[in-house]
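Structural features, examined
The chain contents come next:
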Amino acid sequence: MNILQKLKETVSSVLPIMAIVMLLGVTIAPLGWGLIGRFLIGGVLVIFGLTIFLLGIDIGVIPIGERSGAALAAKRNLPLLLIAAFLIGFIVTVAEPDVQVLAGQVKNIAPGVSKWGLILMIAAGIGLFVSLGILRTVLSLPLTILLVISYAVVFILSYFTPSEFQGIAFDSGGATTGPMTVPFIMALGVGVAAVRAKSTAKNVSSSDDSFGLTGIASIGPIAAVCLYGILFSHHGAQGNAGHLAEAANDAASVQGMLVFWHLLPEITGEVARALLPLLIMAVFFQITLIKMPPVQVMRMVRGFVLSFVGLVIFMTGASGGFMPAGKQLGEVLGALAAQSSVWSVLLVAIGFAFGAVVVIAEPAVWVLTDQVENVSGGTIKRKVMLIALSAGVATSIALSMLRVLTGFSLWYVLIPGYVISLILAFFCPKLFTGIAFDSGGVASGTMTSTFILSFTLGASSASGGNPAVDAFGVIALVAMTPLIAIQILGLVFDIKHKRGKK
């Protein structure tokens, strides 16, 4: 993998956000040159850290996922496959950087919540639903029926979940589908679908079953966090203001580059704890299952080292400069919006602009649009896809800003959105339904989990709202957009295809 290509992807993802923040930070929402300096340093660390991390994933981690998925599927041992799928989903999710960031944000707002307890619950949810998705593929169960049943269970659970955990639960579904988790899950799903297709008597394509596993897996964390909220609601998000003030004082006591140096030991330890289970799993699979030659083993080791170094740099930059600036910018604009309706409109407009920039700059979105253009034979153009996703995500973040200001319930948007998505699933071609639900986490990428969530938390805190209730849910709204957009485009493709036949 060309490191310059990876660097180009991460720069195109991070730089637009940095440009908007710089423009706002020196004009209508002054951040101070000290914080702007930290933000710039943090942005550079985020760019280089994410580049190194993604390079390490391509070199050492993805090959393990692809080979393990194919080898497990080839054994045709269903209990072994399901157990391995659970373990793979669980271990990879623990190492997912977006999950680490989300859990850290939750911990800052709700000190009664255990960060690692939340991460382990999210990982267990992913593992369970990855196994369920694999079982669906093996038994050729309809994806639409499984999605309807799963979301029905999730919404029933969420009804009994404390309000402080509802937004967090749905945000976790979008945050889990990040650069670490998706390659493993996709490789496992494609491998199982291909082996099943070969084992059938009929000569059928496995493409319809190759997609959908990531979409099913992302439901697991929502259900798991709902259960976490129900079981541990007595530790809820209370006493937020005091904790936030204490955190702000701690951050203010360390200035400049010393902030990053101060964070480095703790982040290094957390990253080591997150990646160690993944390394153990890789060694175990190498010895018992895939047995790669020494040259490829050394390549895998280099990949893990790069992943570790990159993740440490990324988390240090995000925690030390990127997220604090996003939160401060949200606080400045939120305080102004609380005083004037004009500033309220401006806050919503800025949220809309952030949404449009975030989704267009996300490298995974470009991969997705290219994939859909190829699948549709060029009928659905990449440009149309980008416009649809950009408009949808921009609207989602604008609605999140409006929710921060007015406090209306998250359910006013989520329930109609998911009802429309599930109804469309009965009429849309199966392939597009699978792609749509797989891509729900694509739009809610790293920039959403780090900067946009921090910005929303700051705006909620300064405008007098409850961040635990009003701010969390922004990732969920962003992740919901592709479910509708891609299925509508799938219907358009189906109509054009039928007309072409006539």
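These numbers come from a predicted model, not from an experiment. (Residues numbered from 1 in each chain as written. Predicted model: local features only at pLDDT ≥ 70, side-chain atom pairs only at ≥ 80, totals over all residues. Heavy atoms only, no water.)

**Here's the deal with the overall build of the protein chain**
Assigned secondary structure in the protein chain consists of 23 helices and zero strands. Classification of the 502 residues of the protein chain by burial places 56% in the buried group. For the protein chain, the proportion of contacts with a sequence separation of at least 24, taken over those separated by at least 6, is 85%. (Helix = DSSP H or I, 4+ residues; strand = E, 2+ residues; numbered from the N terminus. Buried < 20%, exposed > 50% of the residue type's maximum accessible area, 1.4 Å probe, protein only. Contact = heavy atoms within 4.5 Å.)

**Here we look at the packing of aromatic side chains**
A complete count under the given rule lists 18 aromatic pairs for this structure. Arranged with centres 5.2 Å apart and planes meeting at 90°, the rings of Tyr159 and Phe160 form a pair that is edge-to-face. The exposure classification of Tyr159 matches that of Phe160, with both residues exposed. Centre to centre, the rings of Phe408 and Tyr412 are 6.4 Å apart; their planes meet at 5°, and the pair counts as stacked. By relative accessible area, which is 61% here, Tyr412 ends up exposed. Aromatic ring contacts, followed pair by pair, group Tyr151, Phe155, Phe170, Trp411, Tyr418 and Phe437 into a single cluster. (Phe/Tyr/Trp six-rings, centres within 6.5 Å; stacked < 30°, edge-to-face > 60°.)

**Some thoughts on the pattern of salt bridges**
When the charged atoms of two side chains lie near each other, side chains of opposite charge can form a pair. Tallied over the full model, the rule gives four salt bridges. The partner of Lys6 in a salt bridge is Asp58, and the shortest N-O contact between them spans 3.0 Å. Of this pair, Lys6 sits in helix H1 (residues 3-25) while Asp58 sits in helix H2 (residues 33-74), and the two are 52 residues apart along the sequence. The buried category is assigned to Lys6, whose relative accessible area is 10%. Accessibility expressed as a relative area gives 22% for Asp58, which makes it partly exposed. A salt bridge links Lys327 to Glu331, with the shortest nitrogen-to-oxygen separation between them at 2.4 Å. With Lys327 and Glu331 both in helix H14 (residues 294-339) and four residues apart, this pair spans about one turn of that helix. With a relative accessible area of 27%, Lys327 lands in the partly exposed category. (Salt bridge = Lys/Arg side-chain N within 4 Å of Asp/Glu carboxyl O.)

**A few points about the packing of H14 against helix H21 (residues 446-462)**
Describing two packed helices takes the angle between their axes plus the distance from one axis to the other. Running from N to C, H14 and H21 point in directions that differ by 35°, and their axes come no closer than 6 Å. Judged by the sense of rotation from one axis to the other, the crossing of H14 with H21 is right-handed. Of the residues in H21, those in contact with Phe314, Ala318, Phe322, Met323, Gly326, Lys327, Leu329, Gly330, Glu331, Leu333, Gly334 and Ala335 of H14 are Thr446, Met447, Thr450, Phe451, Ser454, Phe455, Gly458, Ala459 and Ala462. Of the residues belonging to the contact of H14 with H21, the class tally is 12 nonpolar, seven polar and two charged. (Axes fitted to C-alpha atoms, helices over the stretch in contact; angles between N-to-C directions. Left-handed = near helix turned anticlockwise from the far one by under 90°. Nonpolar A, V, L, I, M, F, W, Y, C, P; charged D, E, K, R; others polar.)

**Thoughts on the confidence of the model for the protein chain**
Summarising the model, the protein chain shows a mean pLDDT of 82, and 87% of its residues fall at 70 or more. Averaged over each element, pLDDT in the protein chain is lowest for helix H12 (residues 240-252) (39) and highest for helix H18 (residues 411-425) (92). The low-confidence segment residues 234-254 (pLDDT under 50) makes 24 contacts with residues lying over four places distant or belonging to another chain. (pLDDT = per-residue confidence, 0-100.)

**Comments concerning the packing of helix H4 (residues 97-109) against H21**
Their axes nearest at 9 Å, the elements H4 and H21 cross at an angle of 15°. As judged from the angle between their axes, H4 and H21 are roughly parallel. Seen from above, H4 lies across H21 with right-handed handedness. Here H4 contributes Asp98, Val101, Leu102, Gln105 and Ile109 to the contact with H21, which in turn contributes Thr446, Ser449, Thr450, Leu453, Ser454 and Leu457. (Parallel < 35°, antiparallel > 145°, perpendicular 65-115°, else oblique.)

**Description of the environment of Val474**
Counting through the fold element by element, Val474 comes out in helix H23 (residues 474-501). Since its relative accessible area comes to 0%, Val474 is described here as buried. Each C-alpha atom of the pair Val474 and Asp171 lies 6.9 Å from the other, and the pair is 303 residues apart in sequence. Apart from the residues within four sequence positions on either side, Val474 is in contact with Asp171, Ile397, Ser400, Arg403, Ile452, Leu453 and Thr456.

**Here's the deal with H18**
End to end, H18 covers 20 Å across 15 residues, agreeing with the expected 21 Å (1.5 Å per residue, within 8%). Every buried residue of H18 is listed here: Trp411, Val413, Leu414, Gly417, Tyr418, Ser421, Leu422, Leu424 and Ala425. Where H18 is buried, its residues meet helix H6 (143-160), helix H7 (163-175), helix H17 (382-406), helix H19 (430-438) and H23. (Expected span 1.5 Å × (residues − 1).)

**Notes on the side chain of Thr456**
Within the secondary structure, Thr456 is located in helix H21. For Thr456, the residues in contact, after removing those within four places along its chain, are Met401, Val404, Ala471 and Val474.

**Examining a nonpolar patch on the surface**
Together, Ile145, Ile149, Val153, Ile415, Val419, Ile423, Phe426 and Phe427 make up an exposed nonpolar region whose accessible area comes to about 760 Å². Secondary-structure elements contributing two or more residues to the nonpolar patch are H6 and H18. Along the chain, the position of Phe426 falls in the loop between H18 and H19. (Patch = residues over 30% accessible without salt bridge, like charges linked within 9 Å, V, L, I, M, F, W, Y side chains within 5 Å. Areas by Shrake-Rupley, 256 points an atom, 1.4 Å probe, with all protein chains shown as cover.)

**A closer look at the nonpolar core**
Formed by 147 residues in total, the largest nonpolar core has its most connected members in Leu278, Leu329, Phe354 and Phe451. Top contributing element to this core by residue count: H2, with 15 residues. Filtering out sequence-adjacent residues up to four positions away, Leu278 remains in contact with Val61, Ile91, Val92, Ala95, Met180, Phe184 and Phe304. (Core = buried A, V, L, I, M, F, W, Y, C linked by side-chain atoms within 4.5 Å.)

**Let's talk about unusual backbone geometry**
A positive phi angle, near 60°, is found at Ser140, a position not held by glycine. Within the secondary structure layout, Ser140 lies in the loop between helix H5 (115-139) and H6. The residue Lys291 is not glycine, and still its phi comes out positive at about 50°.

**What to know about H19**
Most of H19 sits out of view: eight of its nine residues are buried. Where H19 is concerned, the buried positions are Leu431, Phe432, Thr433, Gly434, Ile435, Ala436, Phe437 and Asp438.

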